[in-house]
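Structure at a glance
Residue strings, one per chain:
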Amino acid sequence: MAPRLQLEKAAWRWAETVRPEEVSQEHIETAYRIWLEPCIRGVCRRNCKGNPNCLVGIGEHIWLGEIDENSFHNIDDPNCERRKKNSFVGLTNLGATCYVNTFLQVWFLNLELRQALYLCPSTCSDYMLGDGIQEEKDYEPQTICEHLQYLFALLQNSNRRYIDPSGFVKALGLDTGQQQDAQEFSKLFMSLLEDTLSKQKNPDVRNIVQQQFCGEYAYVTVCNQCGRESKLLSKFYELELNIQGHKQLTDCISEFLKEEKLEGDNRYFCENCQSKQNATRKIRLLSLPCTLNLQLMRFVFDRQTGHKKKLNTYIGFSEILDMEPYVEHKGGSYVYELSAVLIHRGVSAYSGHYIAHVKDPQSGEWYKFNDEDIEKMEGKKLQLGIEEDLEPSKSQTRKPKCGKGTHCSRNAYMLVYRLQTQEKPNTTVQVPAFLQELVDRDNSKFEEWCIEMAEMRKQSVDKGKAKHEEVKELYQRLPAGAEPYEFVSLEWLQKWLDESTPTKPIDNHACLCSHDKLHPDKISIMKRISEYAADIFYSRYGGGPRLTVKALCKECVVERCRILRLKNQLNEDYKTVNNLLKAAVKGDGFWVGKSSLRSWRQLALEQLDEQDGDAEQSNGKMNGSTLNKDESKEERKEEEELNFNEDILCPHGELCISENERRLVSKEAWSKLQQYFPKAPEFPSYKECCSQCKILEREGEENEALHKMIANEQKTSLPNLFQDKNRPCLSNWPEDTDVLYIVSQFFVEEWRKFVRKPTRCSPVSSVGNSALLCPHGGLMFTFASMTKEDSKLIALIWPSEWQMIQKLFVVDHVIKITRIEVGDVNPSETQYISEPKLCPECREGLLCQQQRDLREYTQATIYVHKVVDNKKVMKDSAPELNVSSSETEEDKEEAKPDGEKDPDFNQSNGGTKRQKISHQNYIAYQKQVIRRSMRHRKVRGEKALLVSANQTLKELKIQIMHAFSVAPFDQNLSIDGKILSDDCATLGTLGVIPESVILLKADEPIADYAAMDDVMQVCMPEEGFKGTGLLGH
């Protein structure tokens, strides 16, 4: 037994020998556990909730002893957000914008580009007032150049450790949550910047992009026959180098410039020869820029999957790159030195993280830029080794050895080289006064924030020290001992000792009994403290009511004593009643409900607990079972709140007629039960059953007999219709009759259900043919449709059967089809005429509504079958998808309440309604019939999917991928022989309707299921920078 329960039992043990009227003050104090021994720190491991004198383990351990000042607050040191001396400023990652941050840092450390941007005039003249800046208005750059100016100024002179580039990113219209292609971003932004700066008057600003990044090469084609050269000049801003099959950067450059032979079908048309000739084609580098960007094509298109993948192969490159062997005109200065390496961490093309290693052009030191964090490399050396060890390569390729001045990387996707010059750059880029004023203003805000945070830290420390002194003083005086005492809740004491939350006023209302005193059951969540400590608590924190020694409630203790004695007596009486029930009843007895007999002890306990008030669960324990008052109330609600012996009351308040629900007990047993349930209904054994119920029972038996007789008569009268034998068919009209009658299939099925089970189903009284007619009284079906798709909605009746139906049922509308011969020609033409005639307008409306329903469904079920070599694969499907066929269709239908919708059948009613077309009775009937007759029977090996008409084929493929583990690009889908290939088309336009079966043929299964995450990225449409400012939007 748990210690808490032991304490509970010990507190009330005296009630076994003390009668309620004999309860004294000593008994009350024992019940409230006033004199339990307090626990000692170090001996008691955790707080004893059953002991109000245990004040150990309530949160005091963090306050006792010396405490570090830093533990008094959760505010970081604002100086940690301050820029370090001789370091650079980082950029905040807004979600997935690390690729933007890396390029911003590379461009910022291009001093010529930064200087040119600072020279670009600002258009924000309205922001200036006189000689200064409007203090109350934040600066909002209007153009991309202004955004870049402001960012560069902050990166240069901000006091912050990192700045927020959200204004720049928002101006470009980039999605901060979507990782984009970094190389594509670089190209598009440089193009946008060049176009923006081309409107500037200053040539140093207008031509900066071309001066820094633009080179020129020529596509040269030489005819092998006549030797004629054809040149096509082209500018470039980066060289895109293929790395497949190469290990060194120089090999990649050589392949880029290698000669290509044009032969066979690929021959070149020579204008000199005026015919197609064999030729050679190559790229010749004519001029190189100051900053040479080399794009390593790590992200390539995979023809097998149809999507991008990353090449995680090592490429070696040197810090000094001599480009003279590769240019056409020799003799110039073509020696470059490495200035930046852009890194993509991760093995996938659709995920990962971008960082940049950039060389400071002024100091020659290398820095690693990782969003907010910037790390200076030791010894002015580029260190890539740690980056290469972060992501284990799938190919496990060993890293090649690198000599001095060379590096190897499998994650570098862009190398930036700067033209080497004899003299070191002494360029000191000055921030324009306007921008410096903005930076100073931002720095002032930052300093104010630092002061504010430091003050908050100081206040928190001062408050923590005061609290420390308070706890050290009061905790020693908390134990009450024999002195005057009060009660305070354990929860409040714990919050008082919790430094993370402010202490609220004391609130003891939840612990009060109905007499506005301390409830005995709440003592387990209360603590007894000294009056001295209580006075200080209430004076500092307020609250109430105060629970002194006068708050011990004698009335509650006396009532609990009475109930406990009754409960103890209940155990003995329970055994006595059980023994009496085992003995045979002699003489007269009393009727008791079997349900009441089974639960009478529980009902008695609940009754006692109700008298006891809001009793705790522990007080309701009996033989190890816990009786929760709320739960028992719920259970009794479900049983219509029946009291003892009310389960054998009939609706008229008399003894029920069913003897199966009651039992005869002896007078002695009834006497014991009546002690606990004095108001229970009493039915002696000689008591007659309810006379009204007897009459109703006789009438019910007569009705059942009548239904059986009606069903038997109807079955005998219409045997073939009941057994579905010898039925006429419109497509093969019977020769021996010229007239056939029509009723709804729904009427026939309902009638068959009644005939099969006349005691469980109501008799069918009318045919209900109005469901087959439109509001104008016209027929809704053509003769052709009744032979095909609508044949499941109607039942054909022989003339002899129709005569019998008219006798047995009420017929609201007669519907018949007549065959007539027309013309004198032999053989004559046969026509079929319906009465009533077809309503063309409503028929067309019905077809439109049906088509609209098939195209506008939501959350409908379709089935997918996986096939191999055009044979269905019968694999065990998931257990939750299996369909049980043990029940008959009628049983399933009867189990459903009226009006319950079939979860597997969904129709959209979102279309525009036409008053002339819609007919509620017909539509309701139509749904019922379709529900039964057109539902697909799922077999083993098929998997059911919930889809909507407006979702795309691509989205369906993702669902299929989760169900069958087949990647979307390996899926070949077809329906009714038609290939489904347009990933952007919706299921509605592709003809996928509810209950459709789609065949899935997989090209080959994915062997590496770890690649499924990449597949999920691939499955979503890749829009790149569509809709952003980079494309002029």
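Just so you know, these numbers come straight off a predicted model, no measurement behind them. (Residues numbered from 1 in each chain as written. Predicted model: local features only at pLDDT ≥ 70, side-chain atom pairs only at ≥ 80, totals over all residues. Heavy atoms only, no water.)

Moving on, we get to the overall build of the chain. A tally of helices and strands in the chain yields 28 helices and 38 strands. Taken across its 1033 residues, the chain has 43% of its residues classed as buried. Long-range pairs, those at least 24 residues apart, make up 74% of the contacts in the chain with a sequence separation of at least 6. Surface summary for the chain: the accessible area is close to 55,900 Å², and the carbon and sulfur share equals 48%. (Helix = DSSP H or I, 4+ residues; strand = E, 2+ residues; numbered from the N terminus. Buried < 20%, exposed > 50% of the residue type's maximum accessible area, 1.4 Å probe, protein only. Contact = heavy atoms within 4.5 Å. Areas by Shrake-Rupley, 256 points an atom, 1.4 Å probe, with all protein chains shown as cover.)

A separate point is the packing of aromatic side chains. On inspection of all chains with the given rule, the structure shows 32 aromatic pairs. Judged by centre distance (5.5 Å) and plane angle (90 degrees), the ring pair of Y99 and F185 falls under edge-to-face. Highlighted residues: Y99 in helix α3 (residues 98-108) and F185 in helix α7 (residues 182-197), separated in sequence by 86 residues. Of the two residues, Y99 and F185, neither departs from the other in class, the shared state being buried. Overall, F185 belongs to the buried group, its relative accessible area being 0%. Taken together, Y99, F103, W107, F168, F185, F189, Y354 and Y413 form an aromatic cluster joined through their ring pairs. A cation over a ring is seen here: R560 above W12, with NZ or CZ 5.3 Å from the ring centre. A cation over a ring is seen here: R601 above Y574, with NZ or CZ 4.3 Å from the ring centre. (Phe/Tyr/Trp six-rings, centres within 6.5 Å; stacked < 30°, edge-to-face > 60°. Lys NZ or Arg CZ within 6 Å of the ring centre and 35° of its normal.)

Read across the sheet, 4 strands follow the order β6-β5-β11-β8 without closing on themselves; strand pairing throughout is antiparallel. Every other strand in the sheet has two partners, leaving β6 (229-236) and β8 (260-262) as the edge strands with one partner each. If you compare each strand with its neighbour and ignore which way they point, the axes differ by 25 degrees on average. With 3 bridges joining them, β8 and strand β11 (residues 279-287) adopt antiparallel strand pairing. Within β11, the residue paired with L262 across the bridge is A279. (Pairing = 2+ DSSP bridges. Axes fitted to C-alpha atoms, helices over the stretch in contact; angles between N-to-C directions.)

Between the first and last C-alpha of helix α19 (residues 691-717) there are 39 Å, a value that for 27 residues agrees with the 39 Å anticipated at 1.5 Å per step. What α19 keeps buried is the set C693, A711 and Q714. Lining the buried residues of α19 we find α21 (745-756) and α23 (799-808). (Expected span 1.5 Å × (residues − 1).)

What follows covers the nonpolar core. With 63 residues, the main nonpolar core has W107, F168, F185, F189, L193, L197 and L342 as its most contacted residues. For this core, the element with the highest residue contribution is helix α5 (residues 144-157), accounting for 9 residues. For F168, the residues in contact, after removing those within four places along its chain, are V100, L104, H147, L148, L151 and F189. Core analysis: the second largest hydrophobic core is formed by 37 residues, F236, L239, L294 and Y336 among them. (Core = buried A, V, L, I, M, F, W, Y, C linked by side-chain atoms within 4.5 Å.)

We now examine the sheet that holds strand β29 (residues 739-744). Taken in spatial order, the 4 strands make up an open sheet running β30-β29-β31-β32, and their pairing is antiparallel. Sheet topology places β30 (794-797) and β32 (829-835) at the edges, where each strand pairs with a single neighbour. Strand after strand, the sheet turns through a mean of 30 degrees between neighbouring axes, direction not considered. Bridging between strand β31 (residues 816-822) and β32 involves 7 bridges; their strand directions are antiparallel. Looking at the pairing, T818 lines up with I833 of β32. α21 rests against β29 and β30 of the sheet, and its axis sits at about 70 degrees to β29.

The next point concerns the confidence of the model for the chain. Per-residue pLDDT for the chain has a mean of 80; in total, 82% of the residues score no lower than 70. Low pLDDT (under 50) marks residues 1005-1020, which in the prediction has 27 contacts with non-local residues, meaning those over four places away or in another chain. (pLDDT = per-residue confidence, 0-100.)

For A705, the location among the structural elements is in helix α19. Classification of A705 by relative accessible area gives partly exposed; the value is 45%.

Here we come to the packing of helix α12 (residues 433-477) against helix α14 (residues 531-541). Any two packed helices are characterised by the angle at which their axes cross and by the distance between the axes. Between α12 and α14, the shortest axis-to-axis distance is 9 Å and the interhelical angle comes to 150 degrees. Each of K467, E470, E473, L474 and R477 in α12 lies in contact with α14, whose residues at this interface are Y532, A533, I536, F537, R540 and Y541.

Looking now at empty space enclosed by the protein. In total, this model carries 1 cavity of 30 Å³ or more according to the counting rule given. Along its surface, the largest cavity is lined by L91, C98, N101, T102, Q105, Y354, F369, N370 and D371. Of all the elements in the fold, those that place two or more residues in the lining of the largest cavity are α3 and β19 (366-370). In terms of residues, the lining of the largest cavity owes the most to one element, α3, which gives 4 residues. (1 Å grid on protein atoms, 1.4 Å probe; cavity = no way out; pocket = protein on both sides within 12 Å on 5 of 7 lines; lining within 4 Å. Points joined across faces, edges and corners; volume = space filled by probe spheres on them.)

Where like charges cluster on the molecular surface, the negative patch consists of E697, E699, E701, E702 and E704. Relative to the assigned elements, E701 resides in helix α19. (Patch = residues over 30% accessible without salt bridge, like charges linked within 9 Å, V, L, I, M, F, W, Y side chains within 5 Å. Salt bridge = Lys/Arg side-chain N within 4 Å of Asp/Glu carboxyl O. Lys, Arg positive; Asp, Glu negative; His and termini not counted. Charge placed at Lys NZ, Arg CZ, Asp CG, Glu CD.)

To continue, consider the side chain of H865. Topologically, H865 is positioned in strand β33 (residues 860-868). For H865, a relative accessible area of 0% puts it in the buried group. Among the polar contacts made by the side chain of H865, one reaches the side chain of E942 at a distance of 3.3 Å. (Polar contact = N/O pair within 3.5 Å; in protein donor to acceptor, adjacent residues only side chain to side chain.)

The next point concerns unusual backbone geometry. Here the bond from G544 into P545 is cis, since omega is -10 degrees, no more than 30 degrees from zero. With respect to the helices and strands, the residue P545 is situated in the loop between β26 (543-544) and α15 (554-582). The omega torsion across E835 and P836 is 0 degrees, close enough to zero to call that bond cis. In this fold, P836 is placed in the loop between β32 and α24 (840-855). Located in the positive-phi region is N726, a residue other than glycine, with phi close to 50 degrees. Mapped onto the fold, N726 is located in the loop between α20 (719-723) and β29. For N726, a relative accessible area of 56% puts it in the exposed group. The phi dihedral of D976 falls on the positive side, at around 55 degrees, and the residue is not glycine. Here D976 is to be found in the loop between β36 (971-975) and β37 (978-980).

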